[in-house]
Amino acid sequence: MSRDTTVVVIGAGPAGVSLANFLRRSGVDCVVLEARDREYVEGRQRAGVIDHRAEQIFGEFGLAGLVGGGAPLETFLEIRVEGVPRLIDGPGLAGGRPSRLVPQQLLVRRLIGAYLEDGGDLRFDARDVTPHDLDGDRPRVTYRDADGVERELTCSYVAGCDGFHGVSRRSIPEGALTTYSFDHGIGWYTVLADSPAPRYPLMAVSRHGFAAQFARGPHASRFYLQYRAGEDPRRWPDEFTWEQLRLRLGDDGLPGGAITGREVVDMRSFVAEPMSYGKMFLVGDAAHIITPMGAKGMNLAVADAYLLARAIVAAERDGDRSGLAGYSEACLRRTWDYQEFSRWYAEMVHEAGDESEPFRRRLALARLDRLFRSPTAGAAFADLMAGTEVSPGRWPAPR
Ligand SMILES: Cc1cc2nc3c(=O)[nH]c(=O)nc-3n(C[C@H](O)[C@H](O)[C@H](O)COP(=O)(O)OP(=O)(O)OC[C@H]3O[C@@H](n4cnc5c(N)ncnc54)[C@H](O)[C@@H]3O)c2cc1C
């Protein structure tokens, strides 16, 4: 039966361009359809941490240079409690497995560059992308190209990498998926500012509300401030934002700077099960979203892409379909593990400063203290930060 390509990848975010590179470098052809233009996709700022496991995955495909190369190595994590600093050596406690600070837009730009240099097919401005016949042998994907011309691609697999609001998950018949949504009841105001990077990634527990500061290059930082129910932080004057940061971080000398980006993040979690339907496989945020606590969203997307690439290569090259059959289960185990970690982490750093709930506050402080006192508790935390094993199986040997 004729087909235009083996895999149609919908979406060119971290999940889609990781998958496209892994497939292409394993000799499987694919076409990536992206709704937006290249400038938009390469400029979208969100995540900033690539964990050690994700870096290893890129290394397996000769792409380690995309996540290394000059970006500062994440070392200690500082958790400041009411202005008192405590440091945790995450990479050391995880047996020498550091994570790296790699802004998402930089990673995506580099992955797109690598894929196109390899001769990959990526179509920007693809509108009205619609998957069809997902439960047949020969799925199709229709779309309108940048000139408005209707196009159709036939394929063996469709990879839904189009994020939480994309078309892929919605194209699965109602009733075939079970979904779980959770509102953590926590809101963050996040600003990007021309302010020197902190010495270490910094989280601050404070009775005035949680705050955090992470490097975004040597001269820029991303700050996070918890806001309370009923507040609208978009109305905060910048001077108030800086005052709150100084108060919560316990740092009167924190220099103010131009604020170049502002966003409100309401902490939500979502999981769709299973992550496949017929020939459609959901990857990354299309299947699950997670709070930024623990910095796992982008890393989950990369791990899903890896497992799917591996499963497709095994099926196409060796006729072994077990990876495809087990794809959803393998991804979901990891997803739920990280959802639990992210919830645990969020509860700890927010409740430890919340004077309105004294008992819960003391529990959260005890939990936090254990991280620094108990090497076993510290190592368990560090293991999750570094990224857990993706799968015990091996990549099929190249022919
Ligand atoms: C403020 C914020 C901070 C975050 N911080 C972190 C962090 O520190 N660490 C971390 O790991 N994660 C973080 N995340 C989460 C992380 O950004 C996501 O998990 C990650 O972007 C998921 O990648 P993805 O490729 O699955 O989806 P997306 O990044 O959403 O990419 C989907 C792509 O599909 C395209 N698309 C959508 N619909 C269609 C369609 N119909 N047809 C074709 N293309 C389509 C989109 O244009 C987009 O390019 C953060 C998220 C936010 C919002």
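Everything discussed here concerns the structure shown above.
Residues numbered from 1 in each chain as written. Predicted model: local features only at pLDDT ≥ 70, side-chain atom pairs only at ≥ 80, totals over all residues.

1. Digging into the nonpolar core
Counting residues in each nonpolar core, the largest one holds 114 residues, and the members touching the most others are Leu19, Ala159, Val283 and Leu308. Contacts of Leu19, omitting those with residues within four sequence positions, involve Val9, Ala159, Cys161, Val283, Ala305, Leu308 and Ala309. (Core = buried A, V, L, I, M, F, W, Y, C linked by C-beta atoms within 7 Å. Buried ≥ 20, exposed ≤ 12 C-beta atoms within 10 Å, placed from the backbone. Contact = placed C-beta atoms within 7 Å.)

2. Notes on helix H5 (residues 104–117)
For H5, built from 14 residues, the straight-helix expectation of 20 Å at 1.5 Å per residue is met to within 8% by its first-to-last C-alpha distance of 20 Å. As for H5, its buried residues are in contact with helix H1 (14–25), helix H2 (38–43), strand S3 (49–50) and strand S7 (121–123). Count one or two residues on from H5 and you reach Gly119, which has phi positive near 90°. (Helix = DSSP H or I, 4+ residues; strand = E, 2+ residues; numbered from the N terminus. Expected span 1.5 Å × (residues − 1).)

3. Digging into the site of the ligand
If you check the shell around the ligand, you find 37 residues, and the closest are Gly11, Gly13, Gly163, Gly284 and Gly297. Of all elements in the fold, only H1, strand S16 (259–273) and helix H7 (297–318) reach the threshold of two or more residues within the shell around the ligand. Residue composition of the shell around the ligand, by class: 19 nonpolar, eleven polar and seven charged. (Near = placed C-beta within 6 Å. Nonpolar A, V, L, I, M, F, W, Y, C, P; charged D, E, K, R; others polar.)

4. Here's the deal with the sheet that holds strand S9 (residues 140–144)
Spatial strand order, S8-S9-S10: three strands in an open sheet with antiparallel pairing. Only two strands of the sheet have a single partner each, and these edge strands are strand S8 (127–132) and strand S10 (150–154). Each strand axis lies, on average, 15° off the axis of its neighbour in the sheet, ignoring direction. Here S8 pairs with S9 via four bridges, running antiparallel. Paired with Pro131 across the strands is Val141, a residue of S9. (Pairing = 2+ DSSP bridges. Axes fitted to C-alpha atoms, helices over the stretch in contact; angles between N-to-C directions.)

5. Some remarks on unusual backbone geometry
Note the cis peptide between Glu273 and Pro274, where omega equals -10°. Note on placement: Pro274 falls in the loop between S16 and strand S17 (276–277). Here the phi dihedral of Asp133 falls at roughly 50°; this positive angle occurs in a residue that is not glycine. Note on Asp133: 14 C-beta atoms within 10 Å, which makes it partly exposed. Even without being glycine, Ala295 reaches a positive phi, approximately 55°. Mapped onto the elements, Ala295 comes out in the loop between strand S19 (288–289) and H7. By C-beta crowding, Ala295 is classed as buried, having 22 other C-beta atoms within 10 Å.

In short, the description is geometric, and any link to function would need to be established separately.
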